[in-house]
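# A closer look at the structure
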Amino acid sequence: MSLELFTQYLFAGITYGIIYAIVAIGFNIIYNTTGIINFAQGEFVMLGGMLAISLNRVMPMPVAIFFAVLVTMVIGALIEICFIRWLKSPSVLRMIIITIGLSILIREAALHVWGDSVRALPYFIGNEITSVSLFGTKISPQVLWVIGTCSIVVVFLSLFFKFTSLGQEMRACSANRTAATLCGINTKNMVTLSFMLSAGIGALAGCVVSPITYTEYDSGTGLAIKGFTVAIIGGLGNSIGAVAGGLVLGIIEAFSISLVPLAFQDAIAISILLIILFVRPHGLFGSSEAARLKDF
Amino acid sequence: MAVFTAQKEHFSFLNLNWREKMKNLLTLSKKMMLVAAALTLSVIAPVLASAETIKIGAILAVTGPASFLGGPEARTLEMLADQLNQQGGLNGNKVELVIKDSGANPEKAISFAKQLIEEEKVFAIIGPSTSGETMKIKNIAEEGKTILMSCAAAEVIVNPVAKYVFKTPQKDSHAAQKIFETMKEMGITKIAVLSGNTGFGNAGKDQLLKSAPEFGIDVLISEVYDKKATDLSAVVAKLMANKDIQAVVNWSIVPAQGILAKNMRQAGWDVPLFQSHGFGNIKYVEAGGAAAEGIIFPAGRLLAPDVLPDSNPQKAVLKKYIADYESTYGEQASTFGGHAFDAFKILCKAIAQVGPDKEKVRVAIENMKGFVGTGGVFNFTPEDHNGLGVDAFAMWTVKDGKFTILK
């Protein structure tokens, strides 16, 4: 394998991997605060992209993206307030079914509003055929935008959870809900905030990848499955693990093409998920003790 | 219902005086008359109706992943049925369309086919929109002795020939042939084939691999990708590494057509990209943007009838269809709606010739020659239930964001 081919596979893998990682981070934030797996996460990504495309017609792109993220965050908060907040100690299974139902609801609403045409945001820099040369291979500048955005999001989240009081309050909620309430933290609002944060991150990801992958009403489903896979691989709740897991999965998928036919690409991703679930269910980077303490 | 009420009244009937008895008797007989009238009408009405209207069923993917096929097809059928009925119908018989939305789901297509044949008792079925669905209901139509005019592309729909099954789109085998003929002219001998894992993609791939040796073309790599794939840069990298590949043929539906074009040009790979005849809609050129420049694909002449000489018999038919469709629906006409146009017009021509008899119409279609449609000029035979040849295709390319004939 020549160096050029190797680098091309690597960048293709990194592109896929970063997209999965951002969705996985969204899963992790909500899981951390509430113990819920939010299967509507993929729909937040789709909504971000679709809203930005619609708003882009009446305002310049950066403003459109900003408002798309904002509206998606509001939608995330509304979902939490309407469907999740008033449930009293729901079981995990019940929550999963509810979020799956929500994802179907959002998808059909999107179909109704935007129809089923395939759209895309314009490329941030250049157009469909511009490319930059990097390490001997040519990639689209949009890929660099995706990598850059994801890195900034990961750094921001680490700082947020470690140093700001709001972030620490959210971590307190996830560690022990009752103790957090006793400390005077409004756990109900923390849950809403986690949904908003998750939705915002998903929406931003949707905007940034839209020029590469196109956006349509059901582009959320496939992403949710891959994102969930990556979240499991990296250890549920571990954001750095999500990024690492995403890169691992993306690179394996990309390099697998050199060995097996392309048709098996999705099968490989699911096989890895199954192997991890059998052999090391707390993920590559999760800790087994922490996993034992949680319900899920 | 009248019987129950009568029994209820009977017990108190004897307690009433004679005036009230008469009133009850009258109400009772009124009720019975109404019931009798309703029963008679419900038996007579369908008999009356079938003498007046010809029911034509349609199973189309109006919504869902193939709506770019089914939407224009359904709208074309509605437009044509309205036009026909306004002009008096077929020999005085009005045409009634029963359109079912299968959403490109083969299971739904099967249940709709059974419903249309057994319950609605339609004269013929137009559609389905996709090759996968058509293959699933081919036997149902054949056993139900109902004419099926499919709007899907795969050759296996009419090969082996089923007596009642026809199709109006050009054959994917001829599309492959047209592509290879063009490649020979361009001096291309080694290619790669990519296809999406849909019925259409798989059928196209089979045709390409089968015909390539006849034209001296060597398929070096053939890969299938998931129809929902969002990025193909890894497989582009793999193909690029093989310096012998002179051209790439892609057989898929949206959005992969645009994604592949973008990935190839972003990677700096300039080899010619051939697409299937599924590329024939200007929206895909817009979706591909600058990456769509130079894509070569075969399609019917509906894409730009103005480049045809006036002596071409298709020109007038195409221009009228495009003008009607765009003024009725305010959107650009596509080759896919044209397939439904051809199906409807062929069916109606046969019915007008021999009357609404399924067997006679079937034979009439089988022997129809020189029918000028949007897809081409149809010449049916009992062995050829498609009627179109390689010349139904012209070779197109994209220049400055518009379709032009390839020189």
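Quick summary incoming for the structure in this document. (Residues numbered from 1 in each chain as written. Chains lettered and ligands numbered in written order. Predicted model: local features only at pLDDT ≥ 70, side-chain atom pairs only at ≥ 80, totals over all residues.)

### Some words on the overall build of chain B
A count of helical and extended segments in chain B gives 13 helices and 14 strands. In summary, chain B has a C-alpha radius of gyration of 27 Å against a globular reference of 22 Å for 407 residues, an excess of more than 25%. The principal-axis extents of the C-alpha atoms in chain B amount to approximately 105 × 45 × 40 Å. Taking all 407 residues of chain B together, the buried fraction comes to 50%. Restricting to contacts in chain B with at least 6 residues of sequence separation, those with at least 24 account for 67%. (Helix = DSSP H or I, 4+ residues; strand = E, 2+ residues; numbered from the N terminus. Rg over C-alpha atoms; globule rule 2.2 N^0.38 Å. Buried ≥ 20, exposed ≤ 12 C-beta atoms within 10 Å, placed from the backbone. Contact = placed C-beta atoms within 7 Å.)

### Considerations on the sheet that holds strand β4 (residues 147-150) of chain B
Residues and elements named next belong to chain B. Strand order in the open sheet formed by five strands is β2-β1-β3-β4-β5, and the pairing between neighbours is parallel. Bordering the open sheet on either side are β2 (94-101) and β5 (165-167), each of which pairs with just one other strand. Direction aside, neighbouring strands of the sheet carry axes that sit 25° apart on average. Relative to β5, β4 is paired through three bridges, and the arrangement is parallel. Bridging across to β5, Ser150 finds its partner in Lys167. Those strands touched by helix α5 (residues 131-143) are β3 (124-126), β4 and β5, and its axis lies near 140° from that of β5. (Pairing = 2+ DSSP bridges. Axes fitted to C-alpha atoms, helices over the stretch in contact; angles between N-to-C directions.)

### A few points about the packing of helix α1 (residues 3-34) of chain A against helix α2 (residues 41-55) of chain A
Residue and element names in this part refer to chain A. Interaxial distance between α1 and α2 falls to 9 Å at its minimum, and their mutual angle equals 125°. In terms of axis orientation, α1 runs oblique to α2. Taken as a pair, α1 and α2 cross one another with a handedness that is right-handed. Contacts between α1 and α2 involve Val23, Gly26 and Phe27 from the first element and Gln41, Gly42, Phe44 and Val45 from the second. Partitioned by chemical class, the residues of the contact of α1 with α2 number four nonpolar, three polar and no charged. (Parallel < 35°, antiparallel > 145°, perpendicular 65-115°, else oblique. Left-handed = near helix turned anticlockwise from the far one by under 90°. Nonpolar A, V, L, I, M, F, W, Y, C, P; charged D, E, K, R; others polar.)

### Comments concerning the interface of chain A and chain B
Listed per partner, the contact involves 29 residues of chain A and 30 residues of chain B. If you list the elements that add at least two residues to the side of chain A that touches chain B, you get α1, β2 (137-139), α8 (187-213) and α11 (265-279) of chain A. Among the elements that line the side of chain A that touches chain B, the one with the most residues is α1(A), at six residues. A class-by-class count of the residues in the side of chain A that touches chain B yields 15 nonpolar, ten polar and four charged.

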